[in-house]
2 protein chains.
Amino acid sequence: MKLNGNYVREFENPVYVASSAACVGKKESEGPLKDIMDVCFSDDGIGCSSWEDAEAKLIKTAVDLCLNKAEMNNKDIGAVFSGDLLNQCTASTYGLRESDIPFLGLFGACSTMALALSLASVFVDSGYTENTLCVTSSHFCSAEKQFRYPLEYGAQRSPASQRTVTGSGAFILSSAQKSPVVISRILFGKIVDLGISDTSNMGAAMAPAAAQSIADFLDDTGTTPQDYDLILTGDLGKIGSDILIDHLMSRYHKDISSVHNDCGLLIYDLEKQDVHSGGSGCGCSATVMASLIMEKMMCGELKRILFAGTGALMSPLLSLQGETIPAICHIAEFNYRR
Amino acid sequence: MKLNGNYVREFENPVYVASSAACVGKKESEGPLKDIMDVCFSDDGIGCSSWEDAEAKLIKTAVDLCLNKAEMNNKDIGAVFSGDLLNQCTASTYGLRESDIPFLGLFGACSTMALALSLASVFVDSGYTENTLCVTSSHFCSAEKQFRYPLEYGAQRSPASQRTVTGSGAFILSSAQKSPVVISRILFGKIVDLGISDTSNMGAAMAPAAAQSIADFLDDTGTTPQDYDLILTGDLGKIGSDILIDHLMSRYHKDISSVHNDCGLLIYDLEKQDVHSGGSGCGCSATVMASLIMEKMMCGELKRILFAGTGALMSPLLSLQGETIPAICHIAEFNYRR
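It should be emphasised that the depicted structure is a prediction, and the values quoted were computed from it without experimental measurement.

Asks: Which parts of the structure should I look at to understand empty space enclosed by the protein?
Replies: Vacant regions in the atomic arrangement are exposed by a probe of water-molecule size rolled over the atoms. This structure, assessed with the given rule, holds 5 cavities of 30 Å³ or more. In terms of lining residues, the largest cavity is bounded by 20 residues, among which B:Leu85, B:Cys110, B:Arg148, B:Met202 and B:Ser280 are the most central. Here the lining of the largest cavity is built from residues that sort into 10 nonpolar, 9 polar and 1 charged. Taken as a whole, the second largest cavity encloses approximately 160 Å³ of empty space. Surrounding the second largest cavity, 14 residues form its lining, A:Leu85, A:Cys110, A:Phe147, A:Arg148 and A:Met202 being those nearest its centre. When its residues are assigned to classes, the lining of the second largest cavity shows 9 nonpolar, 4 polar and 1 charged.

Asks: Hey, could you run me through helix 7 (residues 237–252) of chain A in this one?
Replies: Residue pairs spaced three or four apart in an α-helix point in one direction, given the helix's 3.6 residues per turn. All names here are of chain A. Across its 16 residues, helix 7 extends 21 Å between first and last C-alpha, which sits within 8% of the 22 Å expected from 1.5 Å per residue. The inward-facing, buried residues of helix 7 abut helix 6 (202–221), strand 10 (230–234), strand 11 (260–262) and helix 8 (263–266). Downstream of helix 7 by a residue or two, His253 has a phi angle that is positive, lying close to 55°.

Asks: I would appreciate a short explanation of the pattern of salt bridges in the present structure.
Replies: Think of it this way: side chains of opposite charge can pair up when their charged atoms draw near. Residues and elements named next belong to chain B. Under the defined criterion, the tally for this structure stands at 28 salt bridges over all chains. We note a salt bridge from Glu333 to Arg304, for which the minimum N-O separation is 3.3 Å. Here Glu333, found in strand 15 (residues 327–336), pairs with Arg304, found in strand 14 (residues 304–312); they are 29 residues apart in sequence, far enough to count as distant. For Glu333, a relative accessible area of 2% translates into the label buried.

Asks: Explain the nonpolar core here, please?
Replies: As a rule of thumb, nonpolar side chains are buried together in soluble globular proteins. A:Leu119, A:Ile293, A:Phe334, B:Leu119, B:Ile293 and B:Phe334 are the most contacted members of the largest nonpolar core, which totals 104 residues. Once residues within four sequence positions are removed from consideration, A:Ile293 is found in contact with A:Leu230, A:Leu232, A:Val288, A:Leu302 and A:Ile305.

Asks: Whenever I open this one, the interface of chain B and chain A confuses me. Can you help?
Replies: Much of the literature gives interface size as the accessible area that the parts lose upon coming together. Listed by partner, the interface residues are 52 residues for chain B and 52 residues for chain A. Summed over both sides, the interface of chain B with chain A buries roughly 4,500 Å², with 62% coming from carbon and sulfur. Interface area lost by chain B to chain A is led by B:Gln88, B:Arg97 and B:Tyr128, which between them contribute 18%. If you look at where chain B meets chain A, you find 6 salt bridges. Counting every contact that joins chain B to chain A gives 22 residue pairs in polar contact (both at pLDDT 80 or more). Going through the elements one at a time, helix 3 (90–95), strand 6 (103–105), helix 4 (112–126), helix 5 (140–147), helix 10 (316–320) and strand 15 of chain B are the ones with two or more residues in the side of chain B that touches chain A. Here the side of chain B that touches chain A takes 5 residues from helix 4 of chain B, the largest share from any one element. Of the residues contributing to the side of chain B that touches chain A, the split by class is 30 nonpolar, 14 polar and 8 charged.

Asks: Explain the relation of the copies chain B and chain A to me, please; I cannot follow it from the model alone.
Replies: Copy one and copy two of the chain differ by a rotation about a common axis and a shift along it. Rotating chain B by 180° and translating it 0.0 Å along the rotation axis places it on chain A, where the RMSD comes to 0.0 Å. The two molecules are tied by a two-fold rotation axis, judged by turn and shift. Residue B:Leu106, judged by its C-alpha, is the member of chain B lying nearest the rotation axis, at 2.1 Å. A high fraction, 100%, of the interface residues of chain B reappear at the interface in chain A, so the copies pair face to face through one surface.

Asks: In this structure, what is going on with the layout of surface pockets? I would like to understand it.
Replies: Taken as a whole, the largest pocket encloses approximately 1,100 Å³ of empty space. Lining the largest pocket are 50 residues, and of these B:Lys145, B:Gln146, B:Phe147, B:Arg148 and B:Pro316 sit closest to its centre. Mapped by element, the contributors of at least two residues to the lining of the largest pocket are helix 5 (140–147) and helix 10 (316–320) of chain A together with helix 5 and helix 10 of chain B. For the lining of the largest pocket, the element with the most residues is helix 5 of chain B, which contributes 6 residues. Considered class by class, the residues forming the lining of the largest pocket number 17 nonpolar, 22 polar and 11 charged.

Asks: Honestly, the packing of aromatic side chains in this entry has me stumped. Any pointers?
Replies: Under the counting rule described, the total for this entry stands at 10 aromatic pairs over all chains. Taking the centre distance of 5.8 Å and the plane angle of 35° together, the rings of A:Phe123 and B:Phe188 count as tilted. With A:Phe123 in helix 4 (residues 112–125) and B:Phe188 in the loop between strand 10 (181–187) and helix 6 (202–221), this residue pair bridges two chains. According to the relative accessible area criterion, A:Phe123 is buried, its value standing at 0%. The structure contains a cluster of three or more aromatic residues connected by ring pairs, namely A:Phe81, A:Phe123, A:Tyr128 and B:Phe188.

Asks: Sorry, what's going on with the pairing of strand 2 (residues 8–24) of chain A here?
Replies: In the case of a regular strand, side chains alternate between the two sheet surfaces. Residue and element names in this part refer to chain A. With 13 of 17 residues buried, strand 2 lies mostly within the body of the structure. Of the pairings in the sheet, the one linking strand 2 to strand 9 (residues 181–187) comprises 4 bridges and is antiparallel in character. Looking at strand 9, one finds that Tyr16 is bridged to Val182. The pairing of strand 2 with strand 8 (residues 167–174) spans 8 bridges and is antiparallel. When the sheet's bridge partners are listed, Ser20 is paired in strand 8 with Phe171. Relative to strand 3 (residues 39–40), strand 2 runs parallel, the two sharing 2 bridges. Its bridge partner lying in strand 3, Cys23 is registered against Val39.

Asks: Sorry, what's going on with helix 5 of chain B here?
Replies: Residue and element names in this part refer to chain B. Counting buried positions along helix 5 yields 7 of 8 residues, so the element is predominantly enclosed. Here helix 5 has its buried residues at Phe140, Cys141, Ser142, Ala143, Glu144, Gln146 and Phe147. On the buried face of helix 5, the contacting elements are helix 2 (51–69), strand 7 (131–138), strand 8 (163–164) and helix 10.

Asks: Just to check I follow, could you spell out the state of the cysteines for this structure?
Replies: Disulfides are covalent bonds that link the sulfur atoms of two cysteine residues. Enumeration according to the criterion identifies 0 disulfides over all chains in this entry. Of the cysteine sulfurs around A:Cys89, a residue in no disulfide, the closest is that of B:Cys89, at 6.6 Å.

So, how was this worked out
Residues numbered from 1 in each chain as written. Chains lettered and ligands numbered in written order. Predicted model: local features only at pLDDT ≥ 70, side-chain atom pairs only at ≥ 80, totals over all residues. Heavy atoms only, no water. 1 Å grid on protein atoms, 1.4 Å probe; cavity = no way out; pocket = protein on both sides within 12 Å on 5 of 7 lines; lining within 4 Å. Points joined across faces, edges and corners; volume = space filled by probe spheres on them. Nonpolar A, V, L, I, M, F, W, Y, C, P; charged D, E, K, R; others polar. Helix = DSSP H or I, 4+ residues; strand = E, 2+ residues; numbered from the N terminus. Expected span 1.5 Å × (residues − 1). Contact = heavy atoms within 4.5 Å. Salt bridge = Lys/Arg side-chain N within 4 Å of Asp/Glu carboxyl O. Buried < 20%, exposed > 50% of the residue type's maximum accessible area, 1.4 Å probe, protein only. Core = buried A, V, L, I, M, F, W, Y, C linked by side-chain atoms within 4.5 Å. Buried area = accessible area lost by both parts, 1.4 Å probe. Polar contact = N/O pair within 3.5 Å; in protein donor to acceptor, adjacent residues only side chain to side chain. Least-squares fit on C-alpha atoms with pLDDT ≥ 70 in both. Phe/Tyr/Trp six-rings, centres within 6.5 Å; stacked < 30°, edge-to-face > 60°. Pairing = 2+ DSSP bridges. Disulfide = S-S within 2.5 Å.

Structure representation (structure tokens):
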């Protein structure tokens, strides 16, 4: 692979998106993307006795769907990169416990799918694996319980807050199984913390990290926002997206407003669904990318996009200790080639 | 890189261990490795106001030491792989918050250093980065609080339990800065869960994963235990090590007893230090490898070792829900070349 500037790497071998799959919960099944999700569960319990078990089942469902769509089985996969929001990444470890695939656990909060896709691209490009699986998840109920309050408390949510998406998205990247969509360039982000400590406003904490990584990517590749059909962040929500656009403009003199969108704004109808600032969670960008975005790319409606996965590396414990929230943003560039 | 058998990859370019560093807390400073650790803190608080902050300072200290020993600064490092035992990997994220290095967060419980070293090797071999940093940590007090009971409760620890090491170890892997020690082959492990649910007996949960990965490694490479100067697990402790040796013998007909040791047995004096089954935690194998083992390899006293990092992917919440403990083992082969 080739170095572009300081941080971006460009792959010399094609890294194909062999397949992608997404399954979501009830609220997401009532949103604008309901018709293109592979599976919509009508109940967030998903037939399980705990929210944690339900989230593990989301992971398993997305993986099975993704393998089926690629006409592969577990033995065809050289490695799986996986992570989620739960302590000790239990949705991933328990969801993949019986998979018999070499397992690489990641932690990147909501940026985990971008981290997984970028690492998997390195594996496929370098020949480490022929086929690599990426899967991440989140679940509204397990996340509220862990990061805020159990749902039974009936706590009122802040207007700046984002709703954790119940869902899981999976991708198979391959050097052998061709498709019209490839990952061409990637950038791993640095931790950025501008001092936001409001745990109900993750968008504000993540926006500066997104701005830094997007500016680094554009500088390193000598491209402008207008060279892309879409610069998709995941997941800044409404407040974070507005901050990102302002911050990029004032600090780096880059205007991405005409080509920008955010996975947290696409998965829900913000007017009608009472989700405050939009969606978030490892399952948000994973399911939006694996459904809507891949559908539009596979047919060439979108030809070149930047997927900038953002994560608030927030700990409830350290927030109680008065700490601010570090954030990160990893970027993968997808291209349509036919 | 080349495929060996089903799982092992062999690097075609040298992946040098440019430097390594380790810092430890009070109990470890009273153990058999006290004289070869780079820094021994006399108090586990390390001048900080919380155990979590102290653990982040361990990470920062190990990174600074490792950079100094390699005569590098942050700008020379293309990426850092890091993880720890804390929820949301906060020792890593807060410890590296100001590093300005592209950050890749990992979760592998006590196997995290083996996971980090293996991933960093792929980066260095493939030319993704020239120099890659790996750092992991654990802290007895932050881990007891999170996984078991706050120390103030004075809970009695089970005889089968292992003591979480207070410490952090760091490595810089490089394609450019030569040294006598290289990482030649790696294997990423699969999740193994044979049904152990006793959270005070991690060794028993991890031993089958270690047995599986070691057997896979030996099979794939066509080697026998006697081809290695040392097969070092980290961290099975006394009970887990005994189970590993029995399990490998009865299931795979491989006897590693003459060349086996365990990081959890090396870091403490089990007779005198009242640590029950030995040491554990992301900081255990990291500090033992970065001090004792690298010292013996750099001078050629050890010429070929397998480092089999084991992790119990245990969640206190899922254990309370009655779940068993999934485990994993990643392997990196180190060779002395002069």
